[in-house]
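Chain by chain, the residues:
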Amino acid sequence: MAVHNQKAVREAPANTKGIIHWLQENLFSTPSNIALTLLGAYIIYSILPPFLQWAYFDANFAGDSKAQCTGDGACWTFVKVKMDMFMYGFYPEDQVWRLQAGVVLFFLLIGFFYFSKSNKLKIIAFTSYMIVAILLITGGMFGLEVVETDKWGGLMLTIVVAAVGIVFSFPIGIILAFGRASELPIIKSICITYIEFIRGVPLITILFMSSVILPLFFPEGITFDKLLRALIGITLFQAAYVAEIIRGGLQSIPRGQYEAADAIGLSYWQKMLLVILPQALKVAIPNLVGAFISLFQDTTLVLIIGLLDLLSMVGVAAGDSAWLGMETEGYVFVTFVFWAFCYGMSRYSNKLEKQFNTELK
Amino acid sequence: MTKFTKLSLAALALVGMSATAGTLEDTKKQGFVKCGVHVSNAGFSEVTSGGERKGMDVDGCRAVAAAVLGDASKVKYTPLNAKERFAALSSGEIDVLYRGTTWTETRDTSLGLNFAGVNYYDGQGFLVKNSDGIKNAAELDGATFCIQAGTTTELNVADYFRANKMAYKVNTYDSNDQVIKSYESGRCDVITSDASQLYGIRSTLKDPSGHTVLPEIISKEPLGPVVRQGDDAWFNIIKWSYNAMVEAEELGVTSQNVNKMKTSDSPAIKRLLGTEGNMGANLGLSADFAYNIIKQVGNYGEIFERNIGMNTPLKMKRGLNDLWTRGGLQYSPPFR
């Protein structure tokens, strides 16, 4: 009987595996690729080592005054000393625990979202989180001391502005998108006028209007909080963009879906909320997250109306005569914080896209 | 006239009316002074690591609070940008603007503002390296200047050098940061900007003592507190709460010796501190309003030295801001 002798497994040819192969395949495959690789390597070589030298090897971390920053590198002592200001603005020190509690609750909420399957519970949890967070930050109830908005600042203000903008612009945007897609002429024209008007104006103009022009029309005594005015402006601005993104999603839904929903006797709101919107939102997620990320970055514009968000806090911290000339360290730090937040948001959007992807692969 | 313009005019008229209703009474009722300041300007309105505001302008606000409410800490600071500062004042969001605002004819007349004094005489100056051996501006012939683009600084330099028939070169940069960097790397010999800024810039250089701000000032920038037109009582309070600090320095009254000075025999000191005459009552304030200012905030020399003087990182000389008795411009009309 013939016996089949298993031949020894041969290794793959040396030129199709390993680091060398990967390099050849990805970095040095064609002359133009070789040139680009070398150029890239040169750029990294000329930027990274000096940056590391400045930011780490020559940097100062210890101490608590400018005099202790003796090296040629970065003075991270500055960021360390001013950390509370970057994070909480001028929030009273003995009340900062309220902000920290808000962050802890936020992570609990994320954990809950991760494990819970029930959408109803998620909505209840989210709404109650918003209420608790607003209570914690502003105070004035349950024995919490009121913290005036002129004490708010730094990262905390950036997050408040972005979060309020995102959370409140979303439902308004949905309603505007429905309105624009509606067949009722008055509603439709109101929504179109609103959206096109807002989109024709830069955010900076709206902020200026809210901070400079608006108060002139109120009688004295009725002074609206400056932050509240800015928040309303940003929310109304963002809503117009959200509306257009969702309208894009609505238009991608085939006519048959509307007709099918009509055919089984759903009312307008049932049709829109149960059939059309879920599908439209799924399509709109990447653009929505993109818009929210750019809103997060746009919040830095509030510095032109004298609100001290994270970015303007660098100017404030470096204007302290004990720490003059530390802008660079501050801006590098703020860059990193912004990157971390925006990257986190974009990862989360990737996860959502995958989760909602019901198409056959 | 459209409905909208009518409406806005009515609203503005309302603002104007309520302004005349008495900022002093409103301030006493709400218990704090609404003061507009610079967001961040070293030595004038800066925030310490502890989150407290301090500076020359901030002390101006505190002096008003001490005068009106007897407590210098009763101030609500509103950080403002250059563009929104006047609107904040005319809308009543703030009642006094202490924000390094240059007193010009246009602002004083056409914007509905009143300038209540000059708490810092600024002007464009020159910062040079000691190693270049330049002692005054006449020796700057042929020098290269670093300037921030889009400021009147550039025009002032052009005027000055044309008038003096000297040659010069200019490198303009977008930001103050770039100006400093290129000065440090030797691409220019001179930085020119407002003198108060130059002292700040000097303190950020590697070796501050190796650089000097030249004595020449080539433009006038009188910076001072501003109020709305139409409330003369309030205007007087801002004016005289500032004058009280200057007068106190001239009379040698400081926050340290003010209690002892209360029993002084000098009639001028007695009038200032309210033990004689009715200076306070004329302003609608308590008799000891100036005492409160000096006790809690200090006299002009004290706030200068504390915030921007030689013992601070900014190391500014008194210069134009010295008392008139020592050759400066700080001069208070008499308290009598």
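Going along each chain's sequence as written, the residues are numbered from 1 onward. Chains carry letters and ligands carry numbers; both start at the beginning, A for chains and 1 for ligands, and go up in the order they are written. Side-chain atom pairs in this predicted model are given and counted only at pLDDT of 80 or more, local residue features only at pLDDT of at least 70, and totals for whole chains, interfaces and linings cover all residues.

> Honestly, the overall build of chain B in this entry has me stumped. Any pointers?
Counting its secondary structure elements, chain B contains 14 helices and 13 strands. Computation of the radius of gyration draws on C-alpha atoms alone. For the globule rule, the value is 2.2 Å times the number of residues to the power 0.38. Here chain B has a C-alpha radius of gyration of 22 Å; the compact-globule value for 336 residues is 20 Å, and the two agree. Its C-alpha atoms give chain B principal-axis dimensions of about 65 × 60 × 40 Å. The exposure scheme places C-beta atoms from the backbone and then counts, for each residue, the other C-beta atoms within 10 Å of its own, assigning buried at 20 or more, exposed at 12 or fewer, and partly exposed in between. Per-residue burial for chain B yields a buried fraction of 48% across its 336 residues. Here, residue contact means that the backbone-derived C-beta atoms of the two residues sit within 7 Å. A fraction of 71% describes how many contacts in chain B between residues 6 or more apart in sequence connect residues 24 or more apart. Every helix listed is a DSSP run of H or I at least four residues long, and every strand listed is a run of E at least two residues long, numbered separately from the N terminus.

> Sorry if this is basic, but what is going on with the domain arrangement of chain B here?
Interface size is often expressed as the accessible area that is lost when the parts come together. All names here are of chain B. For chain B, the domain assignment lists domain 1 (23-121 + 222-326) and domain 2 (124-219). Domain extents, as shown, originate in an automatic or database domain assignment. Between the C-alpha centres of domain 1 and domain 2 there is a distance of 31 Å. Contact with domain 1, which involves seven residues of that partner, is made by four residues of domain 2. Residues that form the side of domain 1 that touches domain 2 fall into these classes: five nonpolar, one polar and one charged. We call Asp, Glu, Lys and Arg charged. Ala, Val, Leu, Ile, Met, Phe, Trp, Tyr, Cys and Pro are nonpolar, and the rest, Gly among them, are polar.

> Could you clarify how one ought to interpret helix α7 (residues 176-184) of chain B in this entry?
Residue and element names in this part refer to chain B. Three or more residues of α7 are buried, namely V179, I180 and Y183. Taken around the axis of α7, the buried residues stretch over an arc of 95 degrees, which confines them to a single face. The elements touched by buried residues of α7 are β9 (143-148), β10 (168-173), β11 (190-194) and α8 (195-204). One or two positions beyond α7, positive phi appears at G186, with a value near 85 degrees. Think of the arc as the fan of directions from the helix axis to the C-beta atoms.

> Even after reading the chapter, I still don't get the interface of chain A and chain B, so can you show me in this structure?
Across the contact, 28 residues belong to chain A and 33 residues belong to chain B. No other element matches the five residues that helix α9 (residues 203-217) of chain A contributes to the side of chain A that touches chain B.

> Which parts of the structure should I look at to understand the pairing of strand β8 (residues 124-129) of chain B?
Remark: a regular strand shows side chains that alternate across the two faces of the sheet. All names here are of chain B. For β8, the buried fraction is high: five of the six residues fall into the buried class. Here, strands pair whenever DSSP counts at least two bridges between them. As paired strands, β8 and β11 are joined by five bridges and run antiparallel to one another. Note on β11: the bridge partner recorded for V128 is V190. Taken together, the three bridges between β8 and strand β12 (residues 211-213) define a ladder with antiparallel strand orientation. In the strand pairing of β12, K129 is matched with H211.

> I tried to follow unusual backbone geometry on my own but got confused; where do I start?
The bulk of non-glycine residues show a negative phi, and the bulk of peptide bonds are trans. Residues and elements named next belong to chain B. A positive phi angle, near 50 degrees, is found at K165, a position not held by glycine. Within the element layout of this structure, K165 appears in the loop between α6 (152-163) and β10. K165 sits in the exposed class, given 7 other C-beta atoms within 10 Å. Phi is positive for K315, close to 50 degrees, though the residue is something other than glycine. Within the secondary structure, K315 is located in the segment after α14 (300-307).

> I would appreciate a short explanation of the pairing of strand β4 (residues 75-80) of chain B in the present structure.
Residues and elements named next belong to chain B. For β4, the buried fraction is high: five of the six residues fall into the buried class. As judged from the six bridges shared by strand β1 (residues 33-38) and β4, these two strands associate in the parallel manner. Residue C35 lies in a different strand from β4, and its bridge partner there is Y77.

> Looking at this model, I keep getting lost on the sheet that holds β9 of chain B. Mind explaining?
The strands that make up a sheet pair up through hydrogen bonds in the backbone, lying either parallel or antiparallel. Residues and elements named next belong to chain B. Strand order across the open sheet formed by five strands is β10-β9-β11-β8-β12, with mixed pairing between neighbours. With partners counted over all chains shown, the strands left at the sheet margins are β10 and β12, one partner each. Direction aside, the axes of adjacent strands within the sheet are offset by 30 degrees on average. For helices, the fitted axis covers only the stretch in contact; all axes are lines through C-alpha atoms, and the angles between them, taken along N-to-C directions, range from 0 to 180 degrees. Against the sheet, α7 makes contact with β9, β10 and β11, and its axis sits at roughly 155 degrees relative to β9, the strand it touches most. Lying over the sheet, α8 contacts β8, β11 and β12, oriented at roughly 130 degrees with respect to β11.

> Which parts of the structure should I look at to understand the environment of L277 of chain A?
Inspection of the secondary structure assignment puts L277 of chain A in helix α12 (residues 268-298). With 27 residues separating them along the chain, L277 of chain A and L250 of chain A place their C-alpha atoms 7.1 Å apart.

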